[in-house]
Structure formats: C-alpha cells, structure tokens
Amino acid sequence: MIETIRLTVNGDTHELGVPSHYTLLEMLRYVLGLTGPKQGCDKGDCGACTVLLDGVPTLSCILPVQEAIGKEVTTIEGLADGDAPHPLQEAFDLTGGAQCGFCTSGILMSAAALLETNRSPTRCEIREALAGNLCRCTGYTKIYEAIELAARALREGRSPAELSGS
Amino acid sequence: MKLEDFREKQIASAASDEELSAAVAREFQVIGRRLRRTDGMAKSSGRAVFTDDITLPGMLHAKILRSPHPHARILAIDVSKALHLDGVHAIVTGSDMPVTYGILPWARDEYALCIDKVRYVGDGVAAVAAVDEESATEALDLIEVEYEVLPHFLDPEEALAHPETPIHDPKKPDANGNVSKHVRLQFGDVDSLLENSAVVVEAEYYFEGTTHTAIEPHCAIGYFDASGKLTVWSTTQVPHYLHRELARVLDLDVAKVRVIQPPVGGAFGGKSEPFDLEFCVAKLAMISGRPVKILYTREEVFYAHRGRHPMLMRYRTGADENGRIRAVDATTILDGGGYESFGLVTTYYSGQLITAPYTMESYRFDSTRVYTNKPCCGPKRGHGSVQPRFAIEVQLDRLAESLDIDPIELRRRNFLGSDTRTVNEFHVKSNGFLECLDAVERASDWSGKYRRLPHGRGIGVAGSCYISGTNYPIYPNEMPQSAVQLQVDRSGRVAVFCGASEIGQGSDSMLAYIVAEELGVPLAYVRILAADTDFTPVDLGAYSSRVTLMCGNACIDAAGKIKRQVKRAVAESWECKSRQVALAAGWAFDVKDTGRKMPISEAFNLAEAKYGALGATGSYNTPKDIHGEYRGGTIGSSPAYSFTAQVAEVEVDSETGFVDVRKIWIAHDCGRALNPVLVEGQMEGSAYMGFAEAVMEQHVFKESGLHNAPSLLDYKIPTSLDTPELESLIVESVDPEGPYGAKEAGEGPLHPSIPAIANAIYDAVGVRMDRLPFTAPRVWKALQLRAEREKAGALPPWKPESSPC
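Residues numbered from 1 in each chain as written. Chains lettered and ligands numbered in written order. Predicted model: local features only at pLDDT ≥ 70, side-chain atom pairs only at ≥ 80, totals over all residues.

## A few points about the overall build of chain A
Convention followed: Strands here mean DSSP runs of E at least two residues long; helices mean DSSP runs of H or I at least four residues long; both are numbered from the N terminus. Radius of gyration: over C-alpha atoms. The globule rule applied is 2.2 Å multiplied by the number of residues raised to the 0.38 power. Any residue surrounded by 20 or more other C-beta atoms within 10 Å of its C-beta is treated as buried, while 12 or fewer makes it exposed and the intermediate range makes it partly exposed; C-beta atoms here are placed from the backbone. By the criterion used throughout, residues are in contact when their C-beta atoms, derived from the backbone, lie within 7 Å.
When its secondary structure is counted, chain A shows 6 helices and 5 strands. For chain A, the α and β elements follow one another from N to C terminus as β-β-α-β-β-β-α-α-α-α-α. Since a compact globule built from 166 residues should have a radius of gyration of about 15 Å, the 16 Å found for chain A is in line with a globular shape. With respect to the principal axes defined by its C-alpha atoms, chain A has extents near 55 × 30 × 25 Å. The buried share among the 166 residues of chain A stands at 57%. Pairs at least 24 residues apart make up 58% of the contacts formed inside chain A by residues separated by at least 6 positions.

## Focus: the interface of chain A and chain B
Where interface size is quoted, it is often the accessible area lost as the parts come together. Where we set the bar: Residues are grouped as follows: nonpolar covers Ala, Val, Leu, Ile, Met, Phe, Trp, Tyr, Cys and Pro; charged covers Asp, Glu, Lys and Arg; every other residue, Gly included, is treated as polar.
Taken residue by residue, the interface counts 43 residues in chain A and 47 residues in chain B. Going through the elements one at a time, helix 2 (87–95), helix 3 (104–117), helix 4 (123–129) and helix 5 (141–156) of chain A are the ones with two or more residues in the side of chain A that touches chain B. Among the elements that line the side of chain A that touches chain B, the one with the most residues is helix 2 of chain A, at 4 residues. In terms of residue class, the side of chain A that touches chain B is made up of 19 nonpolar, 15 polar and 9 charged.

## Let's talk about the domain arrangement of chain B
Residue and element names in this part refer to chain B. Stated precisely, the cut-off is as follows: Reported domain spans reflect what an automatic or database domain assignment gives.
Splitting chain B by domain gives domain 1 (3–30 + 479–620), domain 2 (52–150 + 218–295) and domain 3 (311–471 + 629–791). Each of domain 2 and domain 3 has a C-alpha centre, and these two points are 37 Å apart. Counting residues at the interface gives 18 residues for domain 2, matched by 18 residues for domain 3.

## A few points about the nonpolar core
A general trend in soluble globular proteins is that nonpolar side chains are found buried together. Residue and element names in this part refer to chain B. To be explicit about the condition: For this analysis, nonpolar core means a set of buried Ala, Val, Leu, Ile, Met, Phe, Trp, Tyr and Cys residues linked through C-beta atoms within 7 Å.
Counting 304 residues, the largest nonpolar core has Val281, Leu511, Val515, Ile757 and Ile761 as its most contacted members. The leading source of residues in this core is helix 17 (residues 547–574), at 12 residues. Sequence-distant contacts of Val281, defined by excluding residues within four places in its chain, comprise Ala62, Ala220, Ile221, Gly222, Val232, Val292, Lys293 and Ile294.

## Some remarks on the sheet that holds strand 27 (residues 659–669) of chain B
Residue and element names in this part refer to chain B. This is how the line gets drawn: Any two strands with at least two DSSP bridges between them are considered paired. In this analysis an axis means a line fitted to C-alpha atoms, helices contributing only their contacting stretch, and an angle means the value between N-to-C directions, from 0 to 180 degrees.
The strand order 18-26-27-28 describes an open sheet built from 4 strands, whose pairing is mixed. Either end of the sheet is taken by a strand with one partner, and the two such strands are strand 18 (457–467) and strand 28 (725–731). Mean inter-strand twist for the sheet, computed between neighbouring axes without regard to direction, equals 15°. Examined bridge by bridge, strand 18 and strand 26 (residues 641–652) share 11 bridges and lie antiparallel to one another. Pairing of Arg457 across the sheet is with Glu651, part of strand 26.

## Topic: the sheet that holds strand 8 (residues 199–207) of chain B
All names here are of chain B. The strand order across the open sheet formed by 5 strands is 7-15-14-13-8, and the pairing between neighbours is mixed. A strand with exactly one partner marks an edge of an open sheet, and here the two such strands are strand 7 (179–187) and strand 8. With strand direction ignored, the average angle separating the axes of adjacent strands in the sheet is 5°. Bridge analysis of strand 13 (residues 311–319) against strand 14 (residues 325–337) gives 9 bridges, and the strand direction is antiparallel. Along strand 14, the bridge assignment pairs Arg316 with Asp329. Packed onto the sheet, helix 11 (residues 343–352) meets strand 7, strand 13, strand 14 and strand 15 (362–371) and runs at close to 30° relative to strand 7. Packed onto the sheet, helix 12 (residues 386–403) meets strand 8, strand 13 and strand 14 and runs at close to 145° relative to strand 8.

## Considering unusual backbone geometry
With an omega dihedral of 5°, the bond running from Ala356 of chain B to Pro357 of chain B counts as a cis peptide bond. Residue position: Pro357 of chain B is located in the loop between helix 11 and strand 15.

## Side note on the environment of Asn424 of chain B
Residue and element names in this part refer to chain B. Residue placement: Asn424 occurs in the loop between strand 16 (420–421) and strand 17 (427–428). The exposure class of Asn424 is buried, given the 25 C-beta atoms found within 10 Å. In sequence terms Asn424 and Gly636 are 212 residues apart; their C-alpha atoms lie 9.6 Å from each other. Excluding its chain neighbours within four sequence positions, the residues that come into contact with Asn424 are Phe187, Gln352, Thr355, Tyr363 and Gly628.

## Thoughts on the confidence of the model for chain B
When pLDDT is low, close inspection of the predicted coordinates is not appropriate. Residue and element names in this part refer to chain B. In plain terms, the rule: Per-residue confidence from the predictor is reported as pLDDT, which spans 0 to 100.
Put simply, chain B has an average pLDDT of 96, and 98% of its residues get 70 or more. Note on residues 1–11: pLDDT under 50 across the span, and 15 contacts to partners over four residues away in sequence or across chains. Scoring of the predicted complex yields 0.97 for pTM and 0.98 for ipTM.

## A look at the domain arrangement of chain A
Residue and element names in this part refer to chain A. Assigned domains within chain A: domain 1 (2–78) and domain 2 (87–159). Its C-alpha centre places domain 1 at a distance of 22 Å from the equivalent point of domain 2. The partner domain 2 presents 12 residues to the 15 residues of domain 1 that form the contact. Those elements giving two or more residues to the side of domain 1 that touches domain 2 turn out to be strand 3 (50–53) and strand 4 (56–59). Looking at which element gives the most residues to the side of domain 1 that touches domain 2, the answer is strand 3, with 3 residues. Split by residue class, the side of domain 1 that touches domain 2 holds 9 nonpolar, 5 polar and 1 charged.

Put into structure tokens, the structure is as follows:
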C-alpha cells in the first residue's frame, strides 16, 4: 500500500508517496536518492545506515518510515554547512579516518551527535559513542584521532587543517 | 579556507625561489608525506558512489534461490509457476549457463548456478528477476526443486575417510574425490636434524575458520545494450578476472563485455573471484532486456564466504642449544568447503610462506586440502599463511621457554638476513625484521614486562613475513601484471587510467601521489579513472598485496616517459641540459638557478608542441627468474617481502577466562611508506583483524550444514569498545624492486597478532592456547586444567612471586 507522508530531511520538507512497509533507509535511498546512508546488514547490527532523528543517532534500516514523520531527519548529505565541510568530515580526511568509506557516513553521524553535546570527549566517551557502528578497515584508531581533532577544532574555532599543521 | 584552496596551498605553493631550492634539496616532494587521500572527502561527504548506490532506468531486482541441503543431487527444477507470477521478468537456472568457471584456470569446478549437485547449504540453484525484491523473493518460493539428499561431511577428516561419497568427481579414477589438493615438500634432511636437535617441541594447533565481513555486501548490476554489449558493475576486487570469466560462461566475445568496479566497501579477499550474482545479473539482463541488480543479504554474504580455511596443524620444531632452528616438520589439514576456489594456492601457502624471517636448516610440510559440505573457503587477508604463522610463532615461544632464552632474542638469533634465500629458495632482498623487533621491544618496554608482570597480566611477541604480490600470475602469460596509461591536458591536469581496484586500501591515492611526484603537478590536478575494462589497461587486481609494488612501478614507468619529454622540451627552450630541468610543486625550474622557472602547464604545452599529444603507457612485469627450482617453487615467490613484529599485552581474568587485549605494538617493514597515514591505517586495520580472529571470530556450522551465526549480531566482530589500543611503528628498508623502495603493508601486519596474543596469554597465566579463538570458556578450561596439575604437583605455580592483579 502506498501512503502519502510529509517528511523533513536535511531541512527540506517533502511530500512523498511511499510503500507503507518501507523503512526510513529505504525511503532515503530509493525514494529521495540519498545514498549516503548505507545498507550493510538491514538488521540494525552494523550502523552504516545511521542518521540523526531530531539529533539522536538512529538506525534507519530498522525504523519504519512513519516513525520519522514530524521529526528532523539529518543524513550525511546534510552534515556539511553548504559547501563548507563539517569539521568532522575534514578531520576524517586529514587523519585517514575513512578507508573503504562504507561505514563512514554512519560513523560521522554518531560522532556528530557526540560533539553536539560534548566538545571535549575523552577517548573512552568516543569509543562508547561509536559502539553501534562497525568499521572493518581501520581498527578505529584513525577514527578516534579524527574525532579528537574535530572536537579541538570546534573548541578553538579553527579548522582541522590548521590544527594538524598541513 | 575551502578544501580546494587548502589542497592548492598544500601542494602547489612552492612558488618562491627559496621553496624551489628546498625542493631541489629534498629527495621527494610528495612521497613520504602525510597527505590526504584522493577519495577522502567523497567518502566523508557520503558522495562516493558504491555499486548499490547505482540505479539504472527500468532496473529490475533479482534474488537467488539457494539449496537447503548441504549435499544433494538435483533431480528436477520447475520454474513454471514462478514465471507466471506478476512482476517476474526472467528466471535462470544452471542449464542456462552450462560452463564451469573458477578463479584458477586449471581448477574450474563451479557453475554460475548448480546443475547436477549442490555442495553446501546456500549453493545457488535458480535466480529470478522481477520488478522489485519483494516480487523476486515471492517467486523463489514458487520454484520447485527435487533433490536426492546425499550424506554430507562437515569435518575434513570424516570427508577423507569416506571416498565412497565424493563431493566432487575424483580427478583420477583411483583418487579420493574429497581431496582437493595434496602438497608435500621437503628441503634438507628433516628427520636426522630433528634427531640431532638439542630440543624438539611438538604441538597440535587448530585455527578456526573466519570470514571477511566487509561492511558492504556483494552487489552487481548487469546491463545488456541494444548493440549486444554487456556491462557489469560489481563489488569485485578482481575486475580483470571477472571480465574473462563472464565472457567464458556467457559465451560472449570478451571485447563485448565491460566490467566496471565502483569503489568497494571493504573486501579483504572476500571479493577476489567471480560469484553467482555477477553471472546471474548478466544472464537475466540478457534475457529480460532490462538492467538487473542483485544485492546480497548479509546472510548470503556469510554463505558466499571464501574466507579463512580452518586448519589443523601438527608441528615438530627442533633447535640446537643456542636456539637456532634445525628443523621444522609440519602436517596440515585444510578444510576447503564445497569448491576449489584458490585452494591449490592456499594449500601451497599453508607451507611455503613461513620460511622467513627465520633461517631454518631444514623444512618439510605436508598439506592436504579437503572438500567438505560447507561454504567454500578461499583467500582472506594473509591468504593461507596466517594459520601456519600462528603455529610456528607459538612453537618458537615454546622453544624459547625450554631453552630459557628471551623470545625476542631467540628470533634475533634466527634472523634470516637480507639479500639471501630462504630454505625453500625464495629470494629475499630488503629485510627490516631486526629493526621491527627493536621497535616493538623498545615501545612496549618488553624487558621490564616479560615474565615480570603480575599473574594475570602478560606480554607476547611474534614475527612474520609476507609477499608483495606474486611473481607468477593466476593464468600463465608473459604480459605485464600491471599497466597504467597517462593523458596530459593543456591545463596541466593529468588523467591516470589504470585497472587497479580501490577497495579502501588507497590504490587511487597511491597512483596520484606517484604522478604528482614524477610530473610535479599539484595532487588536485591528477584524476584517476580506475577499474573499468573498457578504458583502463589491465591490472590483475587487489590481491596478494601486489598493487603498490606493481601498479606503482607501472605508474613510474609511464610518468617517466612524459617527464623525459617535458624536460627535453623545456631544456630546449632554455638552451640548457635536460638534466638541469626539474619538475616539482607545480613548476618546471632550473635546478642551478631556481629563479628560472615556468608553470608546469606551460612546460607541458612546450612538450606537446614538440612531440604531439602528451600521453604514455607504462607497465610492470615481475622477474620470472626468481623462484624455487621444484614443482610449486613459483608459489610464494614474490618481487619483495615485507616483515612485521608485534608485541601484545593482555590481561586474563582467572575467574572467567576472559582475555582482555590491552595493547598491540605493530612494527612493519613496508620498504618505504609512500604515505605514512595510509600505511599506519593498514597496520592498525590488520592488527585489529588479527585480534578479532584471536579472541572473537568463529565461522562455524550446525550439524545440518546451516551457518551457526550468519548475522553481524551473532558473528562477533570487534566494536570500538572491544578493540585494543594499537600503536604503529613504521620501519623502512627501501627495497630495490619496489616503487621508491615500497613493499606491501595491507596483509603482512595481520600475521603476528594472533600468536603474539597466544604467547601473551601464556606469559600472563601459564596456559598454552593452541586452539582458536581464545574465548573465555576455552581459556577458563585451560586454567582449570593447569590448576589441577599444579595441585597434583605436576606443575609449579605460575609466577608465584607476584600477587594476582
């Protein structure tokens, strides 16, 4: 059955006809063409589909699309401020936080939510914030470094590139 | 500052004479610097387009019907009901593609879909293309397959004992159809040297199977156009081999098949051969006239597998009283699963690759790969050699203990050296293993910790060696293993066309760094077009850690040709010697007078005016005269060998047996780090993956042949909370064969993690863990056994002077 819903994604409100059994991830990828959030397991295990729902990291692959009605959905595509990348995105690029890049958009959303409320996270707090996002390439080390660099950039109002001296 | 501005500044700002003078003085402008990747921002912004992100107009979705039986004959398949379901456009079965394929040309034993037999639960039987996944899935239920169920074997020793039920037809009339490959090689007089050893240690090790678990599931799209050309987009890491096999199986002209490999979301060896989905999307697209996509479910990824072989390894190792290795005698059984895959190579690798970094006077291995009715095993990061590395490095720890020699010192005493040959005749050139040992010894405070930490805490060491590509390609031919084509625009932009596969390891970036280094263009001026068989010269693929060495050399070869032309053209205009002209940092300049310079684009224009359109091809082929002079002596022969040493520190909870790996120090000799950020990323990712296999991962099956845990919840891979602290220590030995001296970094650093952790557990609590993984119940049981023996007086208390931590 096709249902018409109103959904706000990355600041744009859309009126959409979606099959009522769709998950938020299916809606984002198949209907809106936002392919930044990834399908890694389709069971809520890997975190590659993580988006923000009213600022809270949420597994879009197991969320019925109706649950997102009336809320602000933010995907990786909505993380940058116009053409200026979010400090996290720049920091990931500088430290090598993304290798294959498949888990990256989900990890960035979890990290962005962390930095919204905590500009000085400890290594331990970062690890906890990422516990729902599996990365198979990096061993997480360069991801921690990226998040710490971005946090410092946000605290000091400088760019990650300046801080890393490159 | 905007990113692009930043990139410009980063690379192209050496405009002043002082900076150019500094550039003259530096050995490299780009190589060795901690630069960004070329695809970093595309990935961090969610804009990188992976295979499943592609949607074509009118695209259908397909699903594959899979066998519920681990071993059965197919008697009949009836698809008529399914064909009549609304939304179904095409169905294929094995008889539509009756040509066997396989990654090794002399071991083609698979059909795109099974025809006569299924050999594991999950073997593909039919595929349906429909308007959406739901309709395709519904249609699968309507396909009727009649099976004659056969006895099945999950245990290789059981399969060996039942030749009357062969999983494959025997290769020779009197052979056992359940033996996939047997290799026995001997170097030196093992038996008499074992007899004449001061000490011989003997143990049996079991390495549990594990799987790659890339976060991106396999995906493919087939498109057959009106002119009869087939295009397949795939998550493969071997587009060239897929190209060949697609043409063979579908009986198409190779020139009418195009394979495009978008960025791959992790592979680790799990995408290094053709899979059923690529043939199915192609055939279904040909029949339906519509583009067809298949995306594996996570469960299907677990069944597709091709991961680490379970191996049962019996080792005897003899040494003299000074700890010098006299003989190694290894007998190994490999559990191959249902098909051959790379099995022949895996069987050799299970023995061939442990003969460095140590000298051994004699060596014998006897390896048998056996078919079982489980998903087929294949290459996973550190193909075939991670398992025996576990065995040999724990053997060395046992030797060290029985001779009362420090385990690092024992490894030093057995150091192979550089520019030498191994006992099985492989030529090792650069060898930085001693520096690796020094680095981890220092960083970990080894001497302050080994046998000195309190009971429950321990530290362990292990070393390893790995290939940087193989001297001999998968199908015998004399052509280059890798090639690169460059095209220069009048703006100064350089396009790089190369068949190399970007799977996260940074191969695109590596090519860009080399072009920027050789031609002096800013990194932002380099464009990479990779892995599109219609446009890119052949590279054999991202496997066996071959890409940096082989594509890197091909790229230097191509860039060198353009560089020579540009320098000549500029020299002519300046009326100086061509060797006086340098290209760096966006400029062509006079090395004797850096005030004399011109933008690199102008230099390119001069060269274009003199020589015509600027472009070049370059290639690399391996030395073919370096191998062992015996059957199988080419397998394991590599242009360059990398070396790793690791120290792991653990804490073992003696109440529960839980092993907490606190930290791993990784020192890796990568020849030269072309970009240290990427090298460290490979080292950390490797050690993480080794750690995971050591304490968590188990790719195991129920008696019915069903996978025990085919989900990312149940098949445990480490989260950020599980993963230990990892510290990378790069060692550079500068190899004569590698580009700028570079060797591999992607697979070698995985090898020592597992034995280092096993040896650390022994140092912590005095129990040998010879069976993987080191789960809490297993360690707890070993602790109980030790406690009983201590109580009976058969063993002294372990580290009695220290109190438990």
